[in-house]
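# Structural characterization, general
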Amino acid sequence: MNEQQYNLRVAHLYGDLMNTYGDYGNIIALRYYAQQIGVDVTDQLVSLGDDFNPDNFDFALFGGGQDYEQSIVAPDLQRIGREVTRFIENDGPIIAVCGGYQLLGNYFIMADGTRVEGIGAMNIYTENQSTSRFIGNVTIKNSETGEEYHGFENHQGRTYLSDQERPLGQIVVGNGNNGEDGSEGVIYRNVFGTYFHGPILTRNGNLALRMLELALVRKYPTIDWHSKLANVTPEFF
Ligand code: GLN
């Protein structure tokens, strides 16, 4: 079988509105590693008014945006919310950053106190802090794998998880989800939510390879992707 027959189709959800600090770099990182094992990565913008058919995608990126962009995206996201939720419930891998992460939950409160509905694909919610923001470098450690991840956070929202989700990591340095409970980000099925810009998969090759493997195993379950990826060196910045 010709290796180029393998490919991953990435949906860039609202990428023209939600792309804080170049979150698109997550797709570039995924492609960088995938190419090394002969896997093609294509991406397609899914934005205002577009359909999202979960059967047409193998991975999704939902990047960050400020309150204003989120208030434009949120009502449109309701339109495709069932399909995005179906993708998630079928173990579709998603990297969701900051504003995108918040919108996959039940709701978030903007800095001015306005409540914006999410799609409730995860049982998380985001409260506001009206007079300050969490800004700075963050280091976390994932308690299951022992992997460390590095990123940069800039958000006012304070996100809380339910007992149906687990954090992406425990805070070593920084604020993370809410500055209180020592958690940062979320893992729910194959959704990885985070406040990390950087972009996270560019700065953390270990996580990029982990997500790439999840996507490939899901799409091509008979191939030993773990062995193929063992030969790929993760990069860290
Ligand atoms: N508007 C959100 C907040 O400040 C998200 C910010 C972002 O995506 N960087 O909490």
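Keep in mind that this is a model prediction, so the values were computed, not measured. (Residues numbered from 1 in each chain as written. Predicted model: local features only at pLDDT ≥ 70, side-chain atom pairs only at ≥ 80, totals over all residues. Heavy atoms only, no water.)

## Digging into the overall build of the chain
Within the chain one finds 6 helices and 14 strands. In terms of C-alpha radius of gyration, the chain reaches 17 Å, essentially the compact-globule figure of 18 Å for 237 residues. Projected onto its principal axes, the C-alpha positions of the chain cover 55 × 40 × 30 Å. For the chain, with 237 residues in total, the buried portion stands at 54%. For the chain, restricting intrachain contacts to residue pairs at least 6 apart in sequence, the fraction spanning at least 24 positions comes to 69%. When the accessible surface of the chain is split by element, carbon and sulfur atoms take 47% of a total near 9,900 Å². Counting 16 positive and 30 negative side-chain charges, the chain places the centres of these two groups 3 Å from one another. (Helix = DSSP H or I, 4+ residues; strand = E, 2+ residues; numbered from the N terminus. Rg over C-alpha atoms; globule rule 2.2 N^0.38 Å. Buried < 20%, exposed > 50% of the residue type's maximum accessible area, 1.4 Å probe, protein only. Contact = heavy atoms within 4.5 Å. Areas by Shrake-Rupley, 256 points an atom, 1.4 Å probe, with all protein chains shown as cover. Lys, Arg positive; Asp, Glu negative; His and termini not counted. Charge placed at Lys NZ, Arg CZ, Asp CG, Glu CD.)

## A word on the sheet that holds strand β4 (residues 94-97)
A sheet is described by the order of its strands in space; here 6 strands give the open sequence β2-β1-β3-β4-β14-β13, paired in mixed fashion. Looking at which strands have only one partner, the edges of the open sheet turn out to be β2 (40-46) and β13 (186-188). Each adjacent strand pair in this sheet contributes to an overall mean axis angle of 15°, direction not counted. For β4 and strand β14 (residues 191-194), the ladder comprises 4 bridges, and the chain directions are parallel. When the sheet's bridge partners are listed, I94 is paired in β14 with V191. (Pairing = 2+ DSSP bridges. Axes fitted to C-alpha atoms, helices over the stretch in contact; angles between N-to-C directions.)

## Overview of the sheet that holds strand β8 (residues 134-141)
Reading across the sheet, the 4 strands line up as β9-β8-β11-β12 and stay open at both edges, with antiparallel pairing between neighbours. The open sheet has two edge strands with one neighbour each: β9 (148-155) and β12 (183-184). The pairing of strand β11 (residues 169-173) with β12 spans 2 bridges and is classified as antiparallel. Opposite Q170, over in β12, you have S183 as the bridge partner.

## Notes on the site of the ligand
Taken together, 14 residues surround the ligand, and among them G65, D67, Q70, C98 and G157 come closest. Measuring from a nitrogen atom of the ligand, one finds a side-chain N or O atom of H197 at 3.4 Å. Relative to its unbound accessible area of 300 Å², the ligand is 100% covered by the protein chains. Residues that form the shell around the ligand fall into these classes: 1 nonpolar, 11 polar and 2 charged. (Near = heavy atom within 4 Å. Polar contact = N/O pair within 3.5 Å; in protein donor to acceptor, adjacent residues only side chain to side chain. Nonpolar A, V, L, I, M, F, W, Y, C, P; charged D, E, K, R; others polar.)

## Description of the pairing of β9
Every regular strand shows the same layout, with side chains that alternate between the two sheet faces. Sheet topology places β8 next to β9; 8 bridges connect them, and they run antiparallel. When the sheet's bridge partners are listed, V138 is paired in β9 with G151. Here β8 folds back onto β9, and the loop between the two strands holds 6 residues, one of which, G146, carries a positive phi near 75°.

## Examining the UniProt feature "domain: CobB/CobQ-like glutamine amidotransferase" (unreviewed entry) in the chain
According to UniProt, the feature "domain: CobB/CobQ-like glutamine amidotransferase" (unreviewed entry) maps to residues 9-204 in the numbering used here. Helix and strand shares over residues 9-204 are 22% and 32% respectively, and the end C-alpha atoms of the span are 21 Å apart. (UniProt positions renumbered as here; feature names shortened; annotations may be inferred.)

## Quick notes on the environment of Q170
Position of Q170 among the secondary structure elements: in strand β11. For Q170, a relative accessible area of 35% gives the class partly exposed. Separated by 22 residues in the primary sequence, Q170 and E148 place their C-alpha atoms 9.3 Å from one another. Once you skip the residues sitting within four places of it in the chain, Q170 turns out to touch T139, I140, K141, D181, G182 and S183.

## A few points about the UniProt feature "binding site: substrate" (unreviewed entry) in the chain
Mapped onto this structure's residue numbering, the UniProt feature "binding site: substrate" (unreviewed entry) falls at R133. Of the residues examined, R133 reaches a relative accessible area of 38% and is grouped as partly exposed. A polar contact of 2.9 Å, which involves the side chain of R133, links it to the side chain of N154.

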